[in-house]
Amino acid sequence: MEQLLNQIAEYKKEMSAFAAADEKQVEEFRIKWLGTRGIVKSVMGEMKNVAPDRKKEAGQLLNEFKQFAELRFEELKAAASGVMETGFSLDISLPGDPQPLGSRHPVTLMRNRIVSIFQRLGFAVAEGPEIEDDWHNFGALNLPPHHPARDMQDTFYIQQNPDWVLRTHTSSVQIREMEKGKLPIRMLMPGRVYRNETVSARSHCFFHQVEGLYIDENVSFADLKQTLYFFVKEMYGKDVKVRFRPSYFPFTEPSAEMDVTCFICGGSGCNICKKTGWVEILGCGMVHPNVLSNCGIDPNKYTGFAFGMGIERPAMLKYGVNDLRLFSENDVRFLKQFTSAI
Ligand code: DAH
C-alpha cells in the first residue's frame, strides 16, 4: 500500500510536468495514461493486491488518481486547441479578430457621382415610388392606353390591381414633381426601375436610372445642351466629345440621344463601343407641352428639358465590370473591391 501511494505521487508529478506542444502530443498523453493499456488502468489493477481492511481507502485514492489524469488531459487538450479556459495559452501578441468594414455598392458610388455633379448646378434630389400607377408611368407622360410606344419597355404589372406597374423608368417621378405645382423645378431623380427582360450579362429585370428635369420660363434646348456638356466634362474629362442624335420619346419634343466618344478606346473603336467609337449615355429632350398640361403647368408660359440615364452602364465602364448580374448578386468578394469614399 505504501508503495502504491509513492507510485501515485510520482505519476502525478510526471503528469503535471508534462506540457504538450500540439494536439498530437496530447493524444500521446491520452494513450499513455488513459488508454486501454495505459498507466491508469494498470494502477487500478493494483486494487486486487490491497489488504481487505484498506480496500476502501485505496479505492478512494485510485479514483482520485484517475480523475486527476482525466482533468490533466482536458487541460492539455484545451491549451493545445487554443481555448483559454485554463488561462495559460493566452498569446497576447496575436493580432485581434478583424472587424470587416462595409463599402459602398458600385451602383451607389456611380449614382452619387452623377448626383454630385448636377448638385453643383443647383439640382435638388427627389425620389418617387417603385410601384406606380399607369398615369404616372405612362399616361401623363403622353403615352395614352394602346400607344405603341408602351411596347418600348416590357412592363411588369401588379396582379392585385391592373392599374399598378413596377415603374419602367424614373420619368414617373418627373410627373410627381410637376404635380406639386411649385415652379421653377430643377430636380434630379435617381432610383430603381424594372423591366420584364431575360436576365443576362447585358440586361436585367431591374436596374437604376437618374432622371433630370428643369422647368422655368424661357428654358431652351441650348440650356439642355450646356447642362449636359458640363456633366460630361465633369464625369468623363474635358477631352471627351459629345454628339446628339435625333430620337423619339413620347414625353419630349424634340427628343435626342446623347453619345460620348468611347472612354475605353478614346474613339478609335473597341468591343465596348461596338467599333463605332461612340457610347450612348442618355435620352433627353424638351418636355412635351402635353406633359406640362397633364400636370397643370401652362405650356405657353413655361418650358423645360428632361433627361434620363442608366447608372449600371457607366459603372460597368468605369469599374471594368463585364457582367450586369454581379451588381445584384451581393457576392462580398465582388463588393469589397469598391472602396472609394463617395
Ligand atoms: N425614360 C427613358 C427610358 O427609360 C429615358 C428618357 C429619355 C428620360 C428622354 C427622359 C427623356 O427624361 O427626356 O428609356
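The rules we used
- Residues numbered from 1 in each chain as written.
- Predicted model: local features only at pLDDT ≥ 70, side-chain atom pairs only at ≥ 80, totals over all residues.
- Heavy atoms only, no water.
- Helix = DSSP H or I, 4+ residues; strand = E, 2+ residues; numbered from the N terminus.
- Rg over C-alpha atoms; globule rule 2.2 N^0.38 Å.
- Contact = heavy atoms within 4.5 Å.
- Areas by Shrake-Rupley, 256 points an atom, 1.4 Å probe, with all protein chains shown as cover.
- Lys, Arg positive; Asp, Glu negative; His and termini not counted.
- Charge placed at Lys NZ, Arg CZ, Asp CG, Glu CD.
- 1 Å grid on protein atoms, 1.4 Å probe; cavity = no way out; pocket = protein on both sides within 12 Å on 5 of 7 lines; lining within 4 Å.
- Points joined across faces, edges and corners; volume = space filled by probe spheres on them.
- Nonpolar A, V, L, I, M, F, W, Y, C, P; charged D, E, K, R; others polar.
- Phe/Tyr/Trp six-rings, centres within 6.5 Å; stacked < 30°, edge-to-face > 60°.
- Buried < 20%, exposed > 50% of the residue type's maximum accessible area, 1.4 Å probe, protein only.
- Near = heavy atom within 4 Å.
- Polar contact = N/O pair within 3.5 Å; in protein donor to acceptor, adjacent residues only side chain to side chain.
- Axes fitted to C-alpha atoms, helices over the stretch in contact; angles between N-to-C directions.
- Parallel < 35°, antiparallel > 145°, perpendicular 65-115°, else oblique.
- Left-handed = near helix turned anticlockwise from the far one by under 90°.
- Core = buried A, V, L, I, M, F, W, Y, C linked by side-chain atoms within 4.5 Å.
- Domains from an automatic or database assignment.

Colleague: Can you break down the overall build of the protein residue by residue, with the values?
Modeller: When its secondary structure is counted, the protein shows 12 helices and 9 strands. A compact globule built from 342 residues should have a C-alpha radius of gyration of about 20 Å, whereas the protein, at 38 Å, is more than 25% larger. For the protein, long-range pairs separated by at least 24 residues make up 66% of all intrachain contacts whose partners lie at least 6 apart in sequence. Total accessible area on the protein is roughly 19,500 Å²; 51% of this is exposed by carbon and sulfur atoms. Across the protein, 41 positive and 43 negative side-chain charges occur, with their mean positions spaced 4 Å apart.

Colleague: Residue-level account of the layout of surface pockets, with values.
Modeller: Estimates place the volume of the second largest pocket at around 300 Å³. If you go around the second largest pocket, you meet 21 residues; those closest to its centre are V107, R111, G191, R192 and H208. Class assignment of the residues belonging to the lining of the second largest pocket gives a composition of 7 nonpolar, 8 polar and 6 charged.

Colleague: Please set out the packing of aromatic side chains residue by residue, giving values where relevant.
Modeller: Going through the model one piece at a time under the given rule, you end up with 17 aromatic pairs. With a centroid separation of 5.4 Å and an interplanar angle of 85°, the aromatic rings of Y11 and W33 are classed as edge-to-face. Of this pair, Y11 sits in helix α1 (residues 2-17) while W33 is found in helix α2 (residues 23-34), placing the two residues 22 residues apart along the sequence. For Y11, a relative accessible area of 18% puts it in the buried group. Between Y319 and F338, the ring centres sit 5.2 Å apart and the planes meet at 75°, which makes this aromatic pair edge-to-face.

Colleague: Quick one: what's the story with the site of the ligand, residue by residue and with numbers?
Modeller: Close to the ligand lie 16 residues, the nearest being S171, Q174, R195, Q209 and E211. Between S171 and the ligand, the recorded distance is 3.0 Å, taken from a side-chain N or O atom to a nitrogen atom. The contact in question runs from an oxygen atom of the ligand to an N or O atom on the side chain of E211, over 2.5 Å. Isolated, the ligand exposes 360 Å² of accessible area, and the fraction of that covered by the protein chains is 91%. Elements supplying a minimum of two residues to the shell around the ligand: α7 (171-179), β5 (206-216), β8 (278-287) and β9 (303-310). Looking at the shell around the ligand, its residues break down into 5 nonpolar, 9 polar and 2 charged.

Colleague: Any chance you could break down the packing of helix α5 (residues 106-119) against helix α8 (residues 221-236) for me, citing the residues and the numbers?
Modeller: Relative to each other, α5 and α8 sit at 130°, their axes nearing to 10 Å. Classed by the angle they form, the pair α5 and α8 counts as oblique. Regarding α5 and α8, the two cross each other, and that crossing is right-handed. Facing α5, whose interface residues are M110, R113, I114, I117 and F118, α8 presents T227, L228, F230, F231, E234 and M235. For the contact of α5 with α8, the residue count by class is 8 nonpolar, 1 polar and 2 charged.

Colleague: I'd love a proper account of the nonpolar core, names of residues and values included.
Modeller: The biggest cluster of nonpolar side chains holds 38 residues, and the ones touching the most others in it are I114, F118 and F307. Listing elements by their share of this core, those giving two or more residues are α5, β5, α8, β7 (252-261), β8, β9, α10 (312-319) and α12 (332-335). With 7 residues, α5 is the largest single contributor of residues to this core. Look past the residues within four positions of F118 in its chain and what remains in contact with it is F123, L188, T227, L228, F231, F307 and M309.

Colleague: Can you explain the domain arrangement of the protein? Please cite residues and give values.
Modeller: Partitioning the protein into structural domains gives domain 1 (2-89) and domain 2 (106-335). Computed over C-alpha atoms only, the centres of domain 1 and domain 2 are separated by 77 Å.

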